[in-house]
Every structure is written in structure tokens, then in C-alpha cells.
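Given next are the chains, with one letter for each unit.
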Amino acid sequence: QVQLVESGGGLVQAGGSLTLSCAASGRTFSTDIMAWFRQPQGKEREFVSSSRNSGGYTVYADSVKGRFTISRDNAKKTVYLQMNSLKPEDTAVYYCATNSPPYGLDYRESSYAYWGQGTQVTVSS
């Protein structure tokens, strides 16, 4: 039983900022790896960023590198995505994801077993 709940989405003007949150809960779960994906309307879900406690590293998709920052509060089992300099092409439903070991490469959707319901981010010009 693992639950992920995203929050913080909304409508923002291009160039603006938003911070997304994803809180994890459940009787038995691992949050060593936590990640953000997004799915623009009519397109496939794509990797955005990930964070691992083991190794202590973060990964970013090229499309968001330098603009987005992933961070986490392990005591709260919450991962954040700070999004700056937002562009219309960032418009998508944003999902957080996690998994228990074993898991694979950070950027692969198949590495994750648990997903939130998503939060809509809309960036207007």
C-alpha cells in the first residue's frame, strides 16, 4: 500500500514559477527513489527529474535542466519540483512516482510501480 499525492499545479504565465509537492504514505513502501514525469495532452509521458537517497544524486531531463530543481524532505517523505522560467511547452499533467527495490534506470517509466494521480500545470503565453 503506497499512496502518492501531488499538489501545487495551476495556471501560470510564461516566465513564472511554480513549486509542485508530492507526499508519500503507506504501510510498506520505499521512497529511496522518487521522480517526476509529465504528460502533455495527446503525447506520451516523459521523464522530468528524479532523486535518490542512495548515492545522493539527482537527474534532469535536458528539456528542464537549469530551470527545474528537485528536492526532498525525507522526514516528511515529500519530494518537490521547483519550476522556474516556465514555458508553454511545459504544459502537462505532472506525476510523481516511486518504487521499492529493485528498480532500474531513473529515466525509464518502467522503473516505477507507484504513481500519483497527477497535477495539471498550464503555462500561458
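Residues numbered from 1 in each chain as written. Predicted model: local features only at pLDDT ≥ 70, side-chain atom pairs only at ≥ 80, totals over all residues. Heavy atoms only, no water.

S.K.: A description of the state of the cysteines should follow, citing residues and the corresponding values.
M.R.: Within this structure, the stated rule accounts for 1 disulfide. Each sulfur in the disulfide pair Cys22 and Cys96 lies 1.8 Å from the other. The disulfide joining Cys22 to Cys96 has a torsion of about 55° about its S-S bond and is therefore right-handed. A residue pair is termed long-range when its members are at least 10 positions apart, and Cys22 in strand β3 (residues 18-25) and Cys96 in strand β9 (residues 92-99) qualify at 74 residues. Exposure remark for Cys22: the relative accessible area of 0% places this residue in the buried category. Relative accessible area serves as the criterion here: at 0%, Cys96 is assigned to the buried category. (Disulfide = S-S within 2.5 Å. Helix = DSSP H or I, 4+ residues; strand = E, 2+ residues; numbered from the N terminus. Buried < 20%, exposed > 50% of the residue type's maximum accessible area, 1.4 Å probe, protein only.)

S.K.: Got a sec to walk through the side chain of Arg38? Specific residues and values, please.
M.R.: Locating Arg38 in the fold gives a position in strand β4 (residues 33-39). Polar side-chain contacts of Arg38 include one of 2.7 Å to the side chain of Glu46. Apart from the residues lying within four places of it in its own chain, the contact partners of Arg38 are Glu44, Arg45, Glu46, Val48, Ser63, Val64, Phe68, Glu89, Asp90, Ala92, Val93 and Tyr94. (Polar contact = N/O pair within 3.5 Å; in protein donor to acceptor, adjacent residues only side chain to side chain. Contact = heavy atoms within 4.5 Å.)

S.K.: How would you explain the pairing of strand β1 (residues 3-7) if you had to name every residue and give the values?
M.R.: Here β1 shows a clear split, with Leu4 and Glu6 buried on one side and none of Gln3, Val5 and Ser7 buried on the other. Where β1 meets β3, 5 bridges bridge the pair, whose relative direction is antiparallel. Within β3, the position partnered with Ser7 by the bridge is Ser21. (Pairing = 2+ DSSP bridges.)

S.K.: Requested: an account of the side chain of Arg72, with residues and values cited.
M.R.: Note that Arg72 resides in strand β7 (residues 68-73). Lacking a salt bridge, the buried Arg72 has Asp32 as its closest oppositely charged neighbour, with an N-O distance of 5.9 Å. Among the polar contacts listed, one links the side chain of Arg72 to the backbone oxygen of Ser51, at a separation of 3.0 Å. Among the polar contacts listed, one links the side chain of Arg72 to the side chain of Asn53, at a separation of 3.5 Å. (Lys, Arg positive; Asp, Glu negative; His and termini not counted. Salt bridge = Lys/Arg side-chain N within 4 Å of Asp/Glu carboxyl O.)

S.K.: Outline the sheet that holds β7, supporting the account with residue identities and numerical values.
M.R.: With respect to topology, 4 strands assemble into an open sheet ordered β1-β3-β8-β7, the strand pairing being antiparallel. Across the chains shown, the open sheet's two edge strands, defined by having one partner strand only, are β1 and β7. Each strand of the sheet is rotated relative to its neighbour by a mean of 15°, with strand direction disregarded. In this sheet, strand β8 (residues 78-83) lies alongside β7 in antiparallel orientation, the contact comprising 6 bridges. The residue bridging Ile70 from the neighbouring strand is Leu81, located in β8. (Axes fitted to C-alpha atoms, helices over the stretch in contact; angles between N-to-C directions.)

S.K.: Now, about unusual backbone geometry: what can you tell me, with residues and values included?
M.R.: In this model, Pro101 is joined to Pro102 through a cis peptide bond whose omega is 0°. Even without being a glycine, Lys77 presents a positive backbone phi close to 50°. Assignment of secondary structure puts Lys77 in the loop between β7 and β8. Phi at Ser85 takes a positive value of approximately 50°, unusual for a residue other than glycine. Note that Ser85 resides in the loop between β8 and β9. On the basis of relative accessible area, Ser85 is assigned to the partly exposed category, the value being 41%.

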